[in-house]
Every structure is written in C-alpha cells, then in structure tokens.
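For reference, the chains in residue letters:
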Amino acid sequence: MVCFYTPLQKRKQLAKLTAKEQFVFTLVRLRRNPSLEMLCDIFGITTGTGSRIFITWILFLEKELGFLLPFSTKEELKEISKPNCFKKDCFKNLRAIIDCTEFYIEKPGKPSSQRSTYSQYKSSNTFKLLISMSPILHFNFVSKLYSGSISDKEIVNVSGFLEKLNPGDAVMADKGFNIQDLLALHNTALIAPPMMRKNNVSARASTATRRVATSRVHIERMIRQLKLFNFIRGVIPLSCKPYVSSVVTVCAILVNLQPSIIKEK
C-alpha cells in the first residue's frame, strides 16, 4: 500500500521530533549507519522526513561547529603542551601533519565518471580527501572530497590548504608528497622522510626517517578514528554526493571532541 502525504502532513511528521531527537537521529546515522528505513521506523517518521532531517542537521553542524577545526598559529601552539614526539627542535616550526585518505563509493554509471573516480591505489572507485592534523593532535583542516584519480600533489594545490600557511611554517608529510615546490612558493618547509637508495643508507637518514615515521603515525591513528563513523566507512551511495563532504567534515569535528589518542604520563 502506498501512502501519500500532503505538505501539511509532512510538516506534522517533522514536528514529531524535538530538536534533541533530530540531533540524536543524525548522530546515530553517522556512527552506526543503520538503514534509513529502519531508523525512521524507530523514530516514527517517514524516510523522506528522515532524509531531510539528516541533511539539514549535517549542514547546520558543519557551519555552527566549524570553529572546532581551528588552524592554530605557531604562537597558539606554543601555549599548549605537545606530545613528546613533537617537542624536538627539528619540529619547532611544525604547524600541520597532512595525509590523504579515500572513501569507497558506488560505481558511477557514466564511463567518464568511472575513470575520474577510479583510484589506482584502491583499485576501486573512490572519493579522496586531504586532511591535516596539528602537533597538538586535533584535525585542523579537512578538504572537500575529490575524485579518486587526483594525485596527492594536485589535491594539496587545489584544496585551499596552502592558503592556511604562513612564512616560516613547516608541514610534515609522507615521502609520496612531492610538494616542495608548492610549499616554497609560500616560504614554508616540508618535513618528510629522506629518499634513500638501496645499499646506501646513512645513520643520519635512518634517524630522520624514524623520527618522522614515529610522529606521522598519529595522523593515521586519527584517520582510523574518523573512519569509525560507519556512514563513511562502507560504500557511499552516489545519492549522497551533494553533501558527503559536509558529512566528513562533521565527523572530523566529532573526532576532535573525543579524548586525545595519546595519554601522556
């Protein structure tokens, strides 16, 4: 049996849930991602109403909680205690640790879209994200999602991340980020593991690699925290494309509200 709702009935459906209930509805869908039909049935609303509630709250949270993704200045970072791994003199100008991560998406129908979203690294269709973490272990920059075929260097260039930097800053990245020339244009430095040739590994290069790897591992741990939100953990439907970047941003904000991944003694 098909039910048809008049505009008045739709408004009554929306009014059934208080603001707190709508907020809980949104958080449950983000974290657990049950089927929309099941979640709406639990809350006693139609799927159309549930979808509107979710999108409205995602856009609202992204706008109102944006201050929880602060790109702290070096002066602000000096006032906050850093984890021991970031207290070394070689990291004194470090302002951001960056990495890229990908999210699986439903395979597009158009061949051109399949090519643009196909990731060689994942061997699947994906959206790609540039994300940055500060030395005090919180996300400070989240790009919008790009097609999976984009390179790490290109996403750094077009995402708006470079505009956040000031002269004298340093950025930490994996050796796959060949962005020295982009950073040089902003008078900033790259901290990355040195390129080493086989059978020609110096003790100095080995120490530098170990220091960077020990510090960089924390952004990988933060990304794992981000992907605990089941809405973005599985295959994302293409119908979510208009607002999925906002979803990822809200999830990153929620990660920032969680306890630190490092428990210093």
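Just above, that's the structure.
So, here is what we can say about the structure in this document. Bear in mind the structure is a predicted one, so any value in this text is a computation, not a measurement.

Scoring rules and cut-offs
- Residues numbered from 1 in each chain as written.
- Predicted model: local features only at pLDDT ≥ 70, side-chain atom pairs only at ≥ 80, totals over all residues.
- Heavy atoms only, no water.
- Helix = DSSP H or I, 4+ residues; strand = E, 2+ residues; numbered from the N terminus.
- Buried < 20%, exposed > 50% of the residue type's maximum accessible area, 1.4 Å probe, protein only.
- Contact = heavy atoms within 4.5 Å.
- Axes fitted to C-alpha atoms, helices over the stretch in contact; angles between N-to-C directions.
- Parallel < 35°, antiparallel > 145°, perpendicular 65-115°, else oblique.
- Salt bridge = Lys/Arg side-chain N within 4 Å of Asp/Glu carboxyl O.
- Phe/Tyr/Trp six-rings, centres within 6.5 Å; stacked < 30°, edge-to-face > 60°.
- Expected span 1.5 Å × (residues − 1).
- Arc of directions from axis to C-beta.
- Core = buried A, V, L, I, M, F, W, Y, C linked by side-chain atoms within 4.5 Å.
- Pairing = 2+ DSSP bridges.

## Concerning the overall build of the protein chain
Then step 1. What the protein chain contains, in helices and strands, is ten helices and seven strands.
Then step 2. Within the protein chain, the proportion of its 265 residues that are buried is 43%.
Then step 3. Pairs at least 24 residues apart make up 64% of the contacts formed inside the protein chain by residues separated by at least 6 positions.

## Considerations on the packing of helix H2 (residues 19-31) against helix H4 (residues 47-64)
Axis angle and axis distance: for two packed helices, these are the angle between their axes and the distance between the axes, and together they describe the pair.
Then step 1. Their axes nearest at 9 Å, the elements H2 and H4 cross at an angle of 90°. The angle between H2 and H4 places the two elements in the roughly perpendicular class. Every residue of H4 that contacts H2 at Ala19, Gln22, Phe23, Phe25, Thr26, Arg29 and Leu30 is listed here: Gly50, Ile53, Phe54, Trp57, Ile58 and Leu61.

## Things to note about the pattern of salt bridges
Then step 1. Following the criterion strictly, the structure yields six salt bridges and no others.
Then step 2. Notably, a salt bridge pairs Arg95 with Asp169, separated by 2.8 Å at the nearest N-O pair. Note that Arg95 is positioned in strand E1 (residues 94-104) and Asp169 in the loop between helix H7 (152-158) and strand E6 (170-172), a separation of 74 residues in sequence. In terms of burial, Arg95 and Asp169 fall into one category: buried.
Then step 3. As a salt-bridge pair, Lys128 and Asp152 come within 2.7 Å of each other at their nearest N and O atoms.

## What about the packing of aromatic side chains?
Then step 1. What the rule picks out here adds up to eight aromatic pairs.
Then step 2. Ring centres of Phe25 and Phe43 lie 5.2 Å apart, and the angle between their planes is 80°; on these two criteria the pair is classed as edge-to-face. In this pair, Phe25 sits in helix H2 while Phe43 sits in helix H3 (residues 36-43), placing the two residues 18 residues apart along the sequence.
Then step 3. Overall, Phe25 belongs to the buried group, its relative accessible area being 0%.

## Describing H2
In an α-helix, one turn spans 3.6 residues; hence positions three or four apart end up facing the same way.
Then step 1. In this model, H2 (13 residues) spans 18 Å end to end at C-alpha, consistent with the 18 Å of a helix rising 1.5 Å per residue.
Then step 2. Within H2, the full set of buried residues consists of Gln22, Phe25, Thr26, Arg29 and Leu30. Seen end-on, H2 carries its buried residues on one side only, within an arc spanning 130°.
Then step 3. Following H2 by one or two positions, Asn33 adopts a phi angle in the positive range, close to 50°.

## A look at the nonpolar core
Then step 1. One finds Leu30, Phe86, Leu226, Ile232 and Val247 to be the most contacted residues of the largest nonpolar core, which totals 53 residues.
Then step 2. Per-element tally for this core: the top contributor is helix H10 (residues 244-256), with nine residues.
Then step 3. Not counting residues up to four positions away in its chain, the partners in contact with Ile232 are Phe103, Leu226, Val247, Val248 and Cys251.
Then step 4. Counting residues in hydrophobic clusters, the runner-up holds 19 residues, among them Ile155, Phe161, Ile179 and Leu182.

## Side note on the pairing of E1
Then step 1. Counted residue by residue, E1 has ten buried out of eleven residues, so it is predominantly covered.
Then step 2. Relative to E6, E1 runs parallel, the two being bridged by three bridges. Bridging from a neighbouring strand, Leu94 pairs with Ala170 of E6.
Then step 3. One ladder, built from eight bridges, connects E1 with strand E3 (residues 124-133); its direction is antiparallel.

## Examining the environment of Leu228
Then step 1. Along the chain, Leu228 turns up in the loop between helix H9 (203-226) and H10.
Then step 2. With a relative accessible area of 34%, Leu228 lands in the partly exposed category.
Then step 3. Taking C-alpha positions, Leu228 is 9.5 Å from Leu30, a pair spaced 198 residues apart along the chain.
Then step 4. With residues up to four places along the chain from it excluded, the contact list for Leu228 reads Arg31 and Arg233.

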